[in-house]
Amino acid sequence: MSSYVTHLESALDGTNLAAHTLQTTHRDRPLWVRYDLEAVGDALTKDRLRDRPPTMWRYRELLPPESDDAIVTLGEGMSPLLPCPRLGAQVNVGDLWIKDEAQLPTGSFKSRGLSAAITMAKELGVERVAIPTAGNAGGATAAYAARAGLAAYVFMPEDAPAVNKYEAALAGAHVFLVNGLITDCGRIVQDGKERMGWFEVSTLKEPYRIEGKKTMGLELAEQFDWDLPDVILYPTGGGTGLIGMWKAFNELVELGWVDPDDLPQMVAVQSTGCCPIVRAFEAGARFAEPFEDPATIASGIRVPSALGDFMILDALRESGGRAVAVDEARIRDWMQRAASTEGVSVGPEAAVCVGAAERGAAEGWIGPGDRVVIYNCGAAQKYPDVMARDLPRVDKDAPDWDRIAAGRAPTTER
Ligand SMILES: *Cc1c(COP(=O)(O)O)cnc(C)c1O
């Protein structure tokens, strides 16, 4: 099949740009991908979806490639949507769910965006991709570039999680550690584009990662039988996922598949250690000031300055949602709570959403009957330093049975 994409559109000023040719940004700000939704509606029905393979490419008509042969996939998508009553009871949310993106290829939801971006880069003739990344996007870029047979150049802060460094190198990317932040990595990629022949696939610098992440929203709708939840708690860095889901919901409204009065409140959750979107939201601003000295163990949301800040803030306001910052010092504790009550491998990013759920219930912006969904965007196992703790030892010849019987409650103390 071919594509239903009609054109690209500047998110900043609505300027139309040609699709089916390499595009990046317009006036240094992101582009929307626009579809002929009427034609999509003729081609795709809820029924037709039912028998398709459980990957994000089941929503093919709402995705951008011209040719099916171009699709670069590792089976990403249809992550489990798990009811979490025990965790819900702990945070006073009666109907709590986790959409477990940790189970996707490369252990994070970055696989969705990079599957779409690398698919399009390959279809449009790119040979070398480059990316500055705080972590998981580097691993996903490397994996999908390997899958597509493209060269990948990955620049990470030297203190990025070890797993992210090594997974990217293992997948054959050219990995470089930079003594700075993701913004410094971004400058290197920017400066090297021409001489190195790179196409940049970083967050919102090309139009298609949003389309991949959009499928998180399409799936959520399908998994809840097209009846969307009341509140979505999203750990927000560059915001691609939140922006993409809001776009997905609006496309579903236009298709007539979900009720426009039933859209969820979108909530951007950040750590007090890096919360530029929260500050802008509270100030009533449409653009965010860069956050000075960002410091959080949730490396996926350590993004001091987001190219799509206004797109995130627009989505929060249009949806009647909000932005909240929760205590950096409690992230380990929320990870432990989620993992030990439900068995879900919750990374430090999604842990902030556990804190936000508790806050929302206490402050009343999550009501007693509300259905709430947390996105667990990356597996805890990708952060061995954050998981680490001292564990009791047992002697092989003289086990201390009193100590074993006394056990030890889970703790995040070290
Ligand atoms: C990238 C990342 C985020 C932030 O995602 P955005 O959509 O860019 O805001 C959150 N959690 C994890 C684990 C990530 O890798």
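An account of the accompanying structure is given in this report. (Residues numbered from 1 in each chain as written. Predicted model: local features only at pLDDT ≥ 70, side-chain atom pairs only at ≥ 80, totals over all residues. Heavy atoms only, no water.)

**Observations concerning helix H12 (residues 331–342)**
Then, number 1: Over its twelve residues, H12 extends 17 Å from the first C-alpha to the last, a length consistent with the 16 Å expected when each residue adds 1.5 Å.
Then, number 2: Among the residues of H12, Ile 331, Trp 334, Met 335, Gln 336, Arg 337, Ala 338 and Thr 341 are the ones counted as buried.
Then, number 3: Where H12 ends, the next residue or the one after it, Gly 343, has phi of about 80°, a positive value. (Helix = DSSP H or I, 4+ residues; strand = E, 2+ residues; numbered from the N terminus. Expected span 1.5 Å × (residues − 1). Buried < 20%, exposed > 50% of the residue type's maximum accessible area, 1.4 Å probe, protein only.)

**Concerning the nonpolar core**
Then, number 1: Core analysis: the largest hydrophobic core is formed by 62 residues, its most contacted members being Leu 220, Leu 316 and Tyr 375.
Then, number 2: Ranked by residue count, the leading element in this core is helix H9 (residues 240–255), at eight residues.
Then, number 3: Aside from chain neighbours lying at most four places away, what touches Tyr 375 is Lys 99, Glu 101, Met 216, Gly 217, Leu 220, Ile 232, Leu 233, Tyr 234, Pro 235, Met 245 and Ala 350.
Then, number 4: Core analysis: the next-biggest nonpolar cluster, separate from the first, contains 34 residues, Val 93, Met 335, Trp 365 and Tyr 383 among them. (Core = buried A, V, L, I, M, F, W, Y, C linked by side-chain atoms within 4.5 Å. Contact = heavy atoms within 4.5 Å.)

**Let's talk about the site of the ligand**
Then, number 1: Surveying the vicinity of the ligand reveals 18 residues, the closest of which are Lys 110, Lys 213, Tyr 234, Gly 237 and Gly 239.
Then, number 2: One nitrogen or oxygen atom from the main chain of Gly 238 is found 3.3 Å from an oxygen atom belonging to the ligand.
Then, number 3: Gly 241 places a main-chain nitrogen or oxygen 2.9 Å from an oxygen atom of the ligand.
Then, number 4: Relative to its unbound accessible surface of 380 Å², the ligand loses 97% to contact with the protein.
Then, number 5: Of all the secondary-structure elements, those providing two or more residues to the shell around the ligand are strand E10 (231–235) and H9. (Near = heavy atom within 4 Å. Polar contact = N/O pair within 3.5 Å; in protein donor to acceptor, adjacent residues only side chain to side chain. Areas by Shrake-Rupley, 256 points an atom, 1.4 Å probe, with all protein chains shown as cover.)

**Considering a negative patch on the surface**
Then, number 1: A cluster of like negative charges, contributed by Asp 225, Asp 227, Asp 230, Asp 259, Asp 261 and Asp 262, occupies part of the molecular surface.
Then, number 2: The residue Asp 262 is located in the loop between H9 and strand E11 (265–271) in this model. (Patch = residues over 30% accessible without salt bridge, like charges linked within 9 Å, V, L, I, M, F, W, Y side chains within 5 Å. Salt bridge = Lys/Arg side-chain N within 4 Å of Asp/Glu carboxyl O. Lys, Arg positive; Asp, Glu negative; His and termini not counted. Charge placed at Lys NZ, Arg CZ, Asp CG, Glu CD.)

**Points about the sheet that holds strand E1 (residues 5–10)**
Then, number 1: In spatial order, the strands read E2-E1-E3; together these three strands make up an open sheet with antiparallel pairing. Unpaired on one side and paired on the other, strand E2 (16–17) and strand E3 (31–35) mark the two borders of the sheet.
Then, number 2: Bridge count for E1 against E2 is two bridges, and the pairing is antiparallel. If you follow Glu 9 over to E2, its bridge partner there is Asn 16. (Pairing = 2+ DSSP bridges.)

**Description of the packing of helix H4 (residues 110–123) against helix H5 (residues 136–148)**
Then, number 1: For the pair H4 and H5, the least separation of the axes is 9 Å and the interaxial angle reads 40°. Between H4 and H5, the angle is such that the two are oblique. Crossing of H4 over H5 shows right-handed handedness. Between H4 and H5, the residues in contact are Lys 110, Ser 111, Leu 114, Ser 115, Ile 118 and Lys 122 and Asn 136, Ala 137, Ala 140, Thr 141, Tyr 144, Ala 145 and Ala 148, respectively.
Then, number 2: Of the residues that constitute the contact of H4 with H5, the class distribution is seven nonpolar, four polar and two charged. (Axes fitted to C-alpha atoms, helices over the stretch in contact; angles between N-to-C directions. Parallel < 35°, antiparallel > 145°, perpendicular 65-115°, else oblique. Left-handed = near helix turned anticlockwise from the far one by under 90°. Nonpolar A, V, L, I, M, F, W, Y, C, P; charged D, E, K, R; others polar.)

**Examining the pattern of salt bridges**
Then, number 1: Applying the stated criterion to the full structure yields 26 salt bridges.
Then, number 2: Ionic pairing is found between Arg 58 and Glu 222, a salt bridge with its closest N-O pair at 2.7 Å. With Arg 58 in the loop between helix H2 (46–49) and strand E4 (81–83) and Glu 222 in helix H8 (residues 209–223), this pair connects stretches of sequence that are 164 residues apart. No difference in accessibility class separates Arg 58 from Glu 222, as the two residues are buried.
Then, number 3: Close ionic contact of Lys 247 with Glu 211 constitutes a salt bridge, the shortest N to O distance being 2.8 Å.

**A closer look at the sheet that holds E11**
Then, number 1: The sheet built from six strands is open, its strands ordered E4-E5-E13-E10-E11-E12 with mixed pairing. The sheet terminates laterally at E4 and strand E12 (322–326), the two strands that pair on one side only. Strand after strand, the sheet turns through a mean of 25° between neighbouring axes, direction not considered.
Then, number 2: Pairing analysis gives six bridges linking strand E5 (residues 95–100) to strand E13 (residues 371–376), with the strands arranged parallel. Residue pairing for E13: Lys 99 is matched across the bridge by Tyr 375.
Then, number 3: Across the sheet, helix H10 (residues 276–283) is in contact with E11 and E12; its angle to E12 comes to roughly 130°.

**Looking at the side chain of Ser 202**
Then, number 1: By secondary structure assignment, the location of Ser 202 is in the loop between strand E9 (199–200) and H8.
Then, number 2: Those residues in contact with Ser 202 that sit more than four places away from it in its chain are Ala 130, Ile 131, Pro 132 and Arg 209.

**Considerations on the state of the cysteines**
Then, number 1: Under the defined criterion, the tally for this structure stands at zero disulfides.
Then, number 2: The thiol sulfur of Cys 377 is not disulfide-bonded, and the nearest other cysteine sulfur, from Cys 353, lies at 6.9 Å. (Disulfide = S-S within 2.5 Å.)

**Quick look at the pairing of strand E8 (residues 174–178)**
Successive side chains on a regular strand alternate, one facing one side of the sheet and the next facing the other.
Then, number 1: Relative to E8, strand E7 (residues 151–157) runs parallel, the two sharing five bridges. Within E8, the residue paired with Phe 155 across the bridge is Phe 176.
Then, number 2: Viewed along the sheet, the connection from E7 through helix H6 (residues 162–170) into E8 turns out right-handed. (Right-handed = clockwise from strand over helix to strand, strands pointing away.)

**Some words on helix H7 (residues 182–196)**
Then, number 1: Taking 1.5 Å of rise per residue, 15 residues should cover 21 Å, and H7 covers 19 Å from first to last C-alpha, within 8% of that figure.
Then, number 2: By the burial criterion, the buried members of H7 are Ile 182, Cys 185, Gly 186, Val 189 and Gly 192.
Then, number 3: Where H7 is buried, its residues contact strand E6 (128–132), E7, E8 and E9.
Then, number 4: Directly beyond the C-terminal end of H7, a positive phi value near 65° is found at Gly 197.

**Examining the packing of aromatic side chains**
Then, number 1: The tally for this structure, following the rule as stated, stands at eight aromatic pairs.
Then, number 2: Ring centres of Tyr 153 and Trp 198 lie 5.3 Å apart, and the angle between their planes is 45°; on these two criteria the pair is classed as tilted. Pair noted here: Tyr 153 is in strand E7 and Trp 198 is in the loop between H7 and E9, with a separation of 45 residues, a long-range link.
Then, number 3: By relative accessible area, which is 10% here, Tyr 153 ends up buried.
Then, number 4: Here Trp 226 and Trp 257 contribute two aromatic rings whose centre-to-centre distance is 5.0 Å and whose plane-to-plane angle is 80°, an arrangement assigned as edge-to-face. Separated by 31 residues along the polypeptide, Trp 226 in the loop between H8 and E10 and Trp 257 in the loop between H9 and E11 bring together distant segments of the chain. Per residue, the accessibility class of Trp 226 equals that of Trp 257, and both read buried.
Then, number 5: Chaining the aromatic ring pairs together yields one cluster made of Tyr 153, Phe 155, Phe 176 and Trp 198.
Then, number 6: Stacked on the ring of Tyr 59, the Lys or Arg Arg 58 has its end atom at 5.9 Å from the ring centre.
Then, number 7: Here the guanidinium or amino end of Lys 213 rests over the ring plane of Phe 109, the centre of that ring lying 3.7 Å away. (Phe/Tyr/Trp six-rings, centres within 6.5 Å; stacked < 30°, edge-to-face > 60°. Lys NZ or Arg CZ within 6 Å of the ring centre and 35° of its normal.)

So yeah, pure geometry; function would need other evidence.
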